[in-house]
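The residues making up each chain are set out below.
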Amino acid sequence: QKEVEQNSGPLSVPEGAIASLNCTYSDRGSQSFFWYRQYSGKSPELIMSIYSNGDKEDGRFTAQLNKASQYVSLLIRDSQPSDSATYLCAALSNFGNEKLTFGTGTRLTIIP
Amino acid sequence: KAGVTQTPRYLIKTRGQQVTLSCSPISGHRSVSWYQQTPGQGLQFLFEYFSETQRNKGNFPGRFSGRQFSNSRSEMNVSTLELGDSALYLCASSLQGGIYEQYFGPGTRLTVT
C-alpha cells in the first residue's frame, strides 16, 4: 500500500464547475498536509497547506482534512482552464525523521 | 524576491560518472530539501539540510549525498551514476527548519546514458 494515495485520473471537469480531488494517507503520524499544483514541464507549486481537522479556504480553493479517516481533499470552485494541471498531495510525518511523502498526483483537465 | 534557482538546468552524463547539482534557496530561507521525480515513482524525498546539517533523509543509497553551505546554498552529488538515476531533481526551500511550506526550484533534468 502506498503511503499517500491519489486517483491518477485524468479527471475531467467542465469550466465553472467544482473539481474535487481526493487523497488518503496511511501514516497516522502525519500531521501536516499540502497540495501542490504542477503544470506539465514545470516544478510543483504550493497552493494549500492544512494542519488541523476541518476546512481551510483560500480564494477558489478549499482544503479539507479528516485525520480520523486519514483523508485529505482539495476543492476548486469555478474551475478555469488554467487549473488544468497535475495536483500532488503530500503528507508530512513529524515523528523522528521528518519525511514528506507525495502521492503520484491526479491529472485534472478543465473542459471549456 | 527571487525564487529558488537550480543549476544546471539540463545535464547529460554517462553511466559510472558522478554529478554535482546546485541549489540556491529563496533569500532568508534556511532549509533546503532535495527530491527526485520520475514518471514511475513520482516525487521522492532525498534529504533536507538546515544550518549546514542534514536533518532528515529519505530512502536512497549512499551514492546520493549533499551538503549545505553557510549561505544556505546546497549541492547534491550523485556518484557512480546508473541509468535509473535519470530523473528531474528538484530542490525546495522553506523559511523555517523542518519540511513545512516549501517552494520548489525549476529542477535539473539529468539524463544518464
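Here's the deal with the overall build of chain A
- In terms of regular secondary structure, chain A is built from zero helices and 11 strands.
- Going from N to C terminus, chain A has its helices and strands arranged as β-β-β-β-β-β-β-β-β-β-β.
- Here the C-alpha radius of gyration of chain A, 14 Å, is about what a compact globule of 112 residues would show, namely 13 Å.
- In terms of its C-alpha atoms, chain A occupies a principal-axis envelope of roughly 45 × 30 × 20 Å.
- Classification of the 112 residues of chain A by burial places 46% in the buried group.
- Taking contacts inside chain A between residues at least 6 apart in sequence as the whole, the part at least 24 apart equals 55%.
- The averaged location of the 11 negative side-chain charges in chain A is 4 Å from the averaged location of its 10 positive side-chain charges.

With respect to the state of the cysteines
All names here are of chain A.
- Under the defined criterion, the tally for this structure stands at two disulfides over all chains.
- At a sulfur-sulfur separation of 2.1 Å, the disulfide partner of Cys23 is Cys89. Here the S-S torsion is close to -70°, and the disulfide linking Cys23 with Cys89 is therefore left-handed. With Cys23 in strand β3 (residues 19-25) and Cys89 in strand β9 (residues 85-93), this pair connects stretches of sequence that are 66 residues apart.
- Residue class for Cys23 comes out buried when judged on its relative accessible area of 1%.

Considering the side chain of Ser94 of chain B
All names here are of chain B.
- Locating Ser94 in the fold gives a position in strand β9 (residues 87-94).
- Judged by relative accessible area, Ser94 falls into the buried class, the value being 1%.
- Look past the residues within four positions of Ser94 in its chain and what remains in contact with it is His29, Arg30, Ser31, Tyr100, Glu101 and Gln102.

What about the packing of aromatic side chains?
- Using the criterion set out here, one finds 10 aromatic pairs over all chains in the structure.
- An aromatic cluster of three or more residues is present, and its members are Tyr36 and Phe102 of chain A together with Tyr35, Phe45 and Phe104 of chain B.
- Arg60 of chain A extends its terminal NZ or CZ atom over the ring of Phe61 of chain A, reaching a point 5.6 Å from the ring centre.

Remarks on the interface of chain A and chain B
- Each side of the interface is counted separately: chain A has 18 residues, and chain B has 17 residues.
- The junction of chain A with chain B conceals about 1500 Å² of combined surface from both sides, 52% of it contributed by carbon and sulfur atoms.
- Of all residues in chain A, the largest losses of buried area upon contact with chain B belong to Glu98, Leu100 and Phe102 of chain A, amounting jointly to 31% of the total for that side.
- Here chain A and chain B share zero salt bridges between them.
- Inspection of the chain A/chain B interface yields five residue pairs in polar contact (both at pLDDT 80 or more).
- Contributions of two or more residues to the side of chain A that touches chain B are made by β4 (30-38), β5 (45-50), β9 and β10 (99-102) of chain A.

A look at unusual backbone geometry
- Following Gly9 of chain A, the chain continues to Pro10 of chain A via a peptide bond in cis, the omega torsion being 10°.
- Turning to its location among the elements, Pro10 of chain A is positioned in the loop between β1 (4-6) and β2 (11-14).
- Even without being a glycine, Ser51 of chain B presents a positive backbone phi close to 50°.
- Positive phi is not limited to glycine here, since Thr80 of chain B has a value of about 45°.
- Residue class for Thr80 of chain B comes out partly exposed when judged on its relative accessible area of 46%.

Calculation notes
- Residues numbered from 1 in each chain as written.
- Chains lettered and ligands numbered in written order.
- Predicted model: local features only at pLDDT ≥ 70, side-chain atom pairs only at ≥ 80, totals over all residues.
- Heavy atoms only, no water.
- Helix = DSSP H or I, 4+ residues; strand = E, 2+ residues; numbered from the N terminus.
- Rg over C-alpha atoms; globule rule 2.2 N^0.38 Å.
- Buried < 20%, exposed > 50% of the residue type's maximum accessible area, 1.4 Å probe, protein only.
- Contact = heavy atoms within 4.5 Å.
- Lys, Arg positive; Asp, Glu negative; His and termini not counted.
- Charge placed at Lys NZ, Arg CZ, Asp CG, Glu CD.
- Disulfide = S-S within 2.5 Å.
- Phe/Tyr/Trp six-rings, centres within 6.5 Å; stacked < 30°, edge-to-face > 60°.
- Lys NZ or Arg CZ within 6 Å of the ring centre and 35° of its normal.
- Buried area = accessible area lost by both parts, 1.4 Å probe.
- Salt bridge = Lys/Arg side-chain N within 4 Å of Asp/Glu carboxyl O.
- Polar contact = N/O pair within 3.5 Å; in protein donor to acceptor, adjacent residues only side chain to side chain.

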